Amino acid sequence: METETGLQEPAAEPEGRPPGPGRAPFRVARTWRRMRRIAGGVRLIARGLADTAHPLLAQIVPIRRCNIDCAYCNEYDKVSPPVPADVMTRRLDRLAELRTEAVSFTGGEPLLHPALPRLIAHVRARRMTAAVITNGYLLSRARIRELNDAGLEYLQISLDNVNPDDVSKKSLRLLDRKLEWLAGDAMFDVHINTVVGAGTRRAEDALEISRRARALGFSTSVGIIHDGQGQLKPLSAGERQIYEQVRAIGTHGAWLFKNLYSGLVKFESNLIEGRPNTWRCRAGARYLYVCEDGLVHYCSQQRGTPGIPLADYTRADIERAYRTPKGCAPFCTIGCVHRVSIMDFWRDPQAEPAGPANRADRR
Ligand code: SF4
Ligand code: SF4
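Residues numbered from 1 in each chain as written. Chains lettered and ligands numbered in written order. Predicted model: local features only at pLDDT ≥ 70, side-chain atom pairs only at ≥ 80, totals over all residues.

Trainee: Can you walk me through the overall build of the protein chain in this structure?
Mentor: What the protein chain contains, in helices and strands, is 12 helices and nine strands. Across the 363 residues that make up the protein chain, the buried fraction comes to 42%. Residue pairs at least 24 apart in sequence account for 76% of intrachain contacts in the protein chain once pairs closer than 6 positions are excluded. (Helix = DSSP H or I, 4+ residues; strand = E, 2+ residues; numbered from the N terminus. Buried ≥ 20, exposed ≤ 12 C-beta atoms within 10 Å, placed from the backbone. Contact = placed C-beta atoms within 7 Å.)

Trainee: Can you walk me through unusual backbone geometry in this structure?
Mentor: Of all residues except glycine, most have a negative phi; of all peptide bonds, most are trans. Look at the link from glycine 107 to glycine 108: it is a cis peptide, with omega at 5°. The backbone of arginine 127 shows a phi angle near 65°, a positive value even though the residue is not glycine. In this fold, arginine 127 is placed in the loop between α3 (116–125) and β3 (129–134). Taking the C-beta count within 10 Å as the criterion, arginine 127 has 11 such neighbours and is therefore assigned exposed.

Trainee: Please clarify how the nonpolar core should be interpreted in this entry.
Mentor: The nonpolar side chains of soluble globular proteins are, as a tendency, buried together. Ranked by internal contacts, the top residues of the largest apolar core, which has 80 residues, are Val103, Val196, Ala206, Val246, Tyr287, Val290 and Val337. Among the elements that take part in this core, helix α5 (residues 172–185) stands out by supplying six residues, more than any other. Not counting chain neighbours up to four residues away, the residues in contact with valine 196 comprise Ala203, Ala206, Val222, Ile224, Leu235, Glu239, Ile242, Tyr243 and Val246. (Core = buried A, V, L, I, M, F, W, Y, C linked by C-beta atoms within 7 Å.)

Trainee: Can you walk me through the site of ligand 1 in this structure?
Mentor: In the vicinity of ligand 1, the residues found are Cys66, Ile68, Asp69, Cys70, Cys73, Glu75, Tyr76, Gly107, Gly108, Glu109, Asn135 and Lys170. Partitioning the shell around ligand 1 into residue classes produces five nonpolar, three polar and four charged. (Near = placed C-beta within 6 Å. Nonpolar A, V, L, I, M, F, W, Y, C, P; charged D, E, K, R; others polar.)

Trainee: Looking at this structure, I do not really get the pairing of strand β1 (residues 57–60). What am I missing?
Mentor: Walk down a regular strand and you will see the side chains alternate between the two sheet faces. The side-chain alternation of β1 yields two buried faces, one formed by Leu57 and Gln59 and the other by Ala58 and Ile60. Judged from the four bridges that link them, β1 and strand β2 (residues 102–105) form a sheet pairing that is parallel. Residue pairing across strands places alanine 58 opposite valine 103, the latter belonging to β2. Following the chain from β1 across helix α2 (residues 85–97) to the adjacent parallel β2, one finds a crossover that is right-handed. Both β1 and strand β7 (residues 287–290) contribute to a ladder of four bridges, which runs parallel. Within β7, the position partnered with leucine 57 by the bridge is tyrosine 287. (Pairing = 2+ DSSP bridges. Right-handed = clockwise from strand over helix to strand, strands pointing away.)

Trainee: Can you help me understand the packing of helix α4 (residues 141–150) against α5 in this one?
Mentor: To characterise two packed helices, one gives the angle between the axes of the helices and the distance between these axes. Orientation of α4 relative to α5, taken along the N-to-C sense of each, is 40°, at an axis distance of 10 Å. As far as their axial angle goes, α5 and α4 are oblique. By crossing handedness, the relation of α4 to α5 is classed as right-handed. Residue-level contacts link Arg141, Ile144 and Arg145 of α4 to Trp181, Leu182 and Asp185 of α5. Classifying every residue of the contact of α4 with α5 gives three nonpolar, no polar and three charged. (Axes fitted to C-alpha atoms, helices over the stretch in contact; angles between N-to-C directions. Parallel < 35°, antiparallel > 145°, perpendicular 65-115°, else oblique. Left-handed = near helix turned anticlockwise from the far one by under 90°.)

Trainee: In this structure, what is going on with the packing of α3 against α4? I would like to understand it.
Mentor: Contact geometry for α3 and α4: axes closest at 8 Å, N-to-C directions at 25°. By the angle between their directions, the pair α3 and α4 is classed as roughly parallel. Once α3 is placed against α4, the crossing between them reads as right-handed. Touching Pro117, Ile120 and Ala121 of α3 are Glu146, Leu147 and Ala150, all from α4. A per-class count over the contact of α3 with α4 returns five nonpolar, no polar and one charged.

No statement about biological role is implied by the geometric values presented.
Pasting the structure below:
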């Protein structure tokens, strides 16, 4: 039986129909969906190159509550209710009006939201790409089918260690059966992210996690843990070595394109060596973070800036944020913002723009 935390080890015999790879119609449908995702990626790049004044990615929080409690995390609580579905729908509509390309549900733990499949379907109906970032505990084979039916395109799970400890329970041992279900049944792309640092006890766990993920056919990436402002926490020499090995797993063959930024620009290598990166953070423009209160922030680690309600966020706000340099950029480790910002690395230098930048200034 499933509890809200999902913390028990999964049953040996999963419920439901047999794994997907044995069924020809399933394989055809999965291939079709993969081709559709590739076409969507090409479209995103083309539109992103043609116009800078729309978001490429919005991460939105449908619920702040989380079913587990990672010691390093500042992005969850234990009490918040789900954002009502009709409120979420209006926010998704606003993102569509801003011509957002992709919407990723994050948290907290988004699978705790009872209407998540409906929200995903709404994102797809508004012709945006739909993604979910989850700790994976609440996945079952029935829920994977629900996500398939809703039209989910990307799912990311972050794993911190092989065995749970007092820092993190995002552990391969507890989640491995669920990864197998995903490998068999998911029609969407599954991506496994692991981190080095994070106060995790065994940096080499990242290597084992990445090898297992690749064996199951998933793409992988590795990040460096950041502090409460999105800034680097230095790695030890041993952690650096593991980091390079794990990154090599995720940056060759078919995975090279997906990890283009970390593979070519190596911004994290600079950070590991203590060198700042010179880049233009386009948070607030190409990337939006929308919290449970419906406010737009630069990112999860810069909450409060600009803190403008999404309903009032306009193309002018996007253009302003696009041209605003971020003082936290040189040592920032927020990988998703680095990736979306690469679209414009070659154009439009940033300088402090005139005009109100945050909610207080607009009153
Ligand atoms: S699972 Fe994610 S949201 Fe929940 S405590 Fe861990 S890092 Fe935070
Ligand atoms: S540089 Fe950008 S993504 Fe990084 S912490 Fe600052 S605002 Fe957030």
